[in-house]
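So the chains spell out like this:
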Amino acid sequence: MGALIVMLIGLLVIGGIAWLVVWAKRTQEAFVAAWRAVAEARPGAQFDPGKAGLLSHRPASIHVLVGQAFVRVDTYVVSTGKSSTTYTRARAAFPVGAGPVFRVYQQGMLASIGKALGTQDVTLGGDPAFDERFMVKCDDPEATGAAWTRRAKALMKGFSELRASSDGELITLVLFGARKEPAILNDFISVLGQLLKTIRPDVPRVPTCEVMTFSPMIRKLVLEGDDHKLPDAIRIGEEDGMQD
């Protein structure tokens, strides 16, 4: 009798593991299909299914040109030892010089108390509902207010747990979970697209002309996230019609 119980428990464990493997595979397939569909619906966008392995891992990603900036959308995992959390992330560098430095996030209970007690927070104005829901910290209220257009605020209010930050060179949006809903992903990219229009009037600029074509080398660098190598690729890409 004892051996039978042990065998039944073993079968249940094996069955549970098999179900988890099948569920994980189907979940990943649905995720990849959704991200591929979002990329295919955007002209010129590229989808990288990523790579999963024991020795190396590269998350799936979408690469799309929004205005004059390349936007990369991917996921990352934060592990605390006992558990892990997946986040969806979108990043892009300001296409023309430096942008404002800011952090925008939805108020939690502690943030709401701090705001009521006078914790430093910037009111952008123009949208009372946005100002009420979100904490804004920045180095230049005027430039940050210009970056957060009416459209950007409206899109931001459609998310429950979206955080936006800029270090003056790179804008990063972070959303809780590995999101695969096309409408959410498109609005996610659109928020970043609005913020990328920012131009700081106090930063001097010199007109330049740079031409980059989507050659196999450029495509490889973009898909692998090696954006820092693009300037060198452009410099040696004269035969492909590029100009530095």
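Summary of the structure given here. Numbering of residues starts from 1 in each chain and follows the order in which that chain's sequence is written. Restriction of local features to residues with pLDDT of at least 70 applies here, the model being predicted, together with a cutoff of 80 or more for giving and counting side-chain atom pairs; totals for whole chains, interfaces and linings are based on all residues. Side-chain descriptors were evaluated using all non-hydrogen atoms of the structure, hydrogens and water having been removed beforehand.

**Points about the overall build of the chain**
Formally: Think of it this way: any DSSP run of H or I at least four residues long counts as a helix, any run of E at least two long counts as a strand, and we number them from the N terminus. A 1.4 Å probe rolled over the protein chains alone gives each residue an accessible area, and that area as a share of the maximum for its type sets the label: buried under 20%, exposed over 50%, partly exposed in between. For every accessible area listed, the method is Shrake-Rupley and the probe measures 1.4 Å; residues are considered covered only by the protein chains on display.
The helix and strand inventory of the chain stands at eight helices and eight strands. The proportion of buried residues among the 244 residues of the chain is 36%. Accessible surface, the chain as shown: approximately 14700 Å² in total, 60% of it carbon and sulfur.

**Notes on the sheet that holds strand 6 (residues 134-138)**
The cut-off we apply is this: A pair of strands counts as paired when DSSP detects no fewer than two bridges linking them. What counts as an axis is a line fitted to C-alpha atoms, over the stretch in contact for a helix, and the angles between N-to-C directions run from 0 to 180 degrees.
If you trace the eight strands from one edge of the open sheet to the other, you get 1-2-3-4-8-7-5-6, paired in antiparallel fashion. For this open sheet the edge positions go to strand 1 (46-48) and strand 6, each flanked by a neighbour on one side alone. Each strand of the sheet is rotated relative to its neighbour by a mean of 20°, with strand direction disregarded. Relative to strand 7 (residues 162-167), strand 5 (residues 101-106) is paired through four bridges, and the arrangement is antiparallel.

**A short note on the pairing of strand 4 (residues 84-93)**
Of the pairings in the sheet, the one linking strand 3 (residues 69-79) to strand 4 comprises eight bridges and is antiparallel in character. Looking at strand 4, one finds that S79 is bridged to S84. Between the end of strand 3 and the start of strand 4, which pair antiparallel, lie four residues, with G81 showing a positive phi angle near 100°. Relative to strand 8 (residues 170-176), strand 4 is paired through seven bridges, and the arrangement is antiparallel. Residue A92 lies in a different strand from strand 8, and its bridge partner there is I171.

**A closer look at the side chain of R89**
What counts, and what does not: Here, residues are in contact when the closest pair of their heavy atoms is within 4.5 Å.
Along the chain, R89 turns up in strand 4. Here R89 falls in the buried class, since its relative accessible area comes to 19%. Discounting residues that sit within four places of it in the chain, R89 has contacts with R72, V73, D74, T75, Y76, T172, L173 and F188.

**Some remarks on empty space enclosed by the protein**
Formally: Here the term cavity refers to a set of points on a 1 Å grid, laid over the protein atoms alone, in which a 1.4 Å probe fits but cannot get out; the term pocket refers to an open set having protein on both sides within 12 Å along at least five of seven lines, with lining residues being those that place an atom within 4 Å of a point. Grid points are joined across faces, edges and corners, and a volume is the space filled by probe spheres set on the points. Amino acid classes used here: Ala, Val, Leu, Ile, Met, Phe, Trp, Tyr, Cys and Pro are nonpolar; Asp, Glu, Lys and Arg are charged; the rest, including Gly, are polar.
Scanning the entire structure with this criterion turns up one cavity of 30 Å³ or more. Roughly 40 Å³ of internal volume is contained in the largest cavity. Taken together, H63, F70, V71, R72, V222 and D227 make up the lining of the largest cavity. Class assignment for the residues of the lining of the largest cavity results in three nonpolar, one polar and two charged.

**Points about the packing of aromatic side chains**
The condition is simple: Working definition: a ring pair exists when centres of Phe, Tyr or Trp rings (six-membered ring for Trp) sit within 6.5 Å. Plane angles under 30 degrees give stacked, over 60 give edge-to-face, the rest tilted.
Under the defined criterion, the tally for this structure stands at seven aromatic pairs. Where F31 meets W35, the ring centres are 4.7 Å apart and the plane angle is 40°; that geometry is what we call tilted. Residue F31 and its partner W35 are located together in helix 1 (residues 2-40), separated by four residues, close to a single helical turn.

**Looking at the nonpolar core**
Under the convention used in this document: Nonpolar core, defined: a set of buried Ala, Val, Leu, Ile, Met, Phe, Trp, Tyr and Cys residues in which side-chain atoms within 4.5 Å join the residues together.
Ranked by size, the top nonpolar core spans 44 residues in total, and within it V104, W148, L173 and L195 carry the most contacts. Once you skip the residues sitting within four places of it in the chain, L173 turns out to touch T88, R89, A90, L162, R163, A164, F188, V191, L192 and L195. Listed in part, the five residues of the second largest apolar core include L221, V222, L230 and A233.

**Quick look at helix 6 (residues 182-195)**
Because an α-helix packs 3.6 residues into every turn, residues spaced three or four apart end up facing the same way. Spelled out, the test is: The length a helix should cover is 1.5 Å for every residue beyond the first.
For helix 6, which comprises 14 residues, the first-to-last C-alpha distance of 20 Å matches the rise-based estimate of 20 Å (1.5 Å per residue) to within 8%. For helix 6, the full list of buried residues reads L185, F188, I189, V191, L192, G193, Q194 and L195.

**A short note on helix 7 (residues 216-223)**
Among all positions of helix 7, only I218, L221, V222 and L223 are buried. Of the surrounding secondary structure, the elements contacted by the buried residues of helix 7 are strand 1, strand 2 (61-66), strand 3 and helix 8 (230-235).

**Topic: the environment of K197**
Relative to the helices and strands, K197 is located in the loop between helix 6 and helix 7. K197 sits in the exposed class, given a relative accessible area of 57%. In the structure, K197 is positioned 130 residues away from G67 in sequence and 8.0 Å away in space, judged by C-alpha atoms.

**Description of the pattern of salt bridges**
Two side chains carrying opposite charge are able to pair once their charged atoms lie near each other. Definition in use: Think of a salt bridge as a Lys or Arg side-chain nitrogen and an Asp or Glu carboxyl oxygen that are within 4 Å of each other.
Per the counting criterion, the structure on display carries six salt bridges. Of the charged contacts, one joins K157 and D127 as a salt bridge, the two residues approaching to 2.9 Å between their closest N and O atoms. In this pair, K157 is assigned in the loop between helix 5 (150-156) and strand 7 and D127 in the loop between helix 2 (109-116) and helix 3 (128-133), connecting sequence segments 30 residues apart. Take D127: its relative accessible area is 12%, and that puts it in the buried class. One network of salt bridges, with partners in common, ties together R72, D74, R89 and R91.

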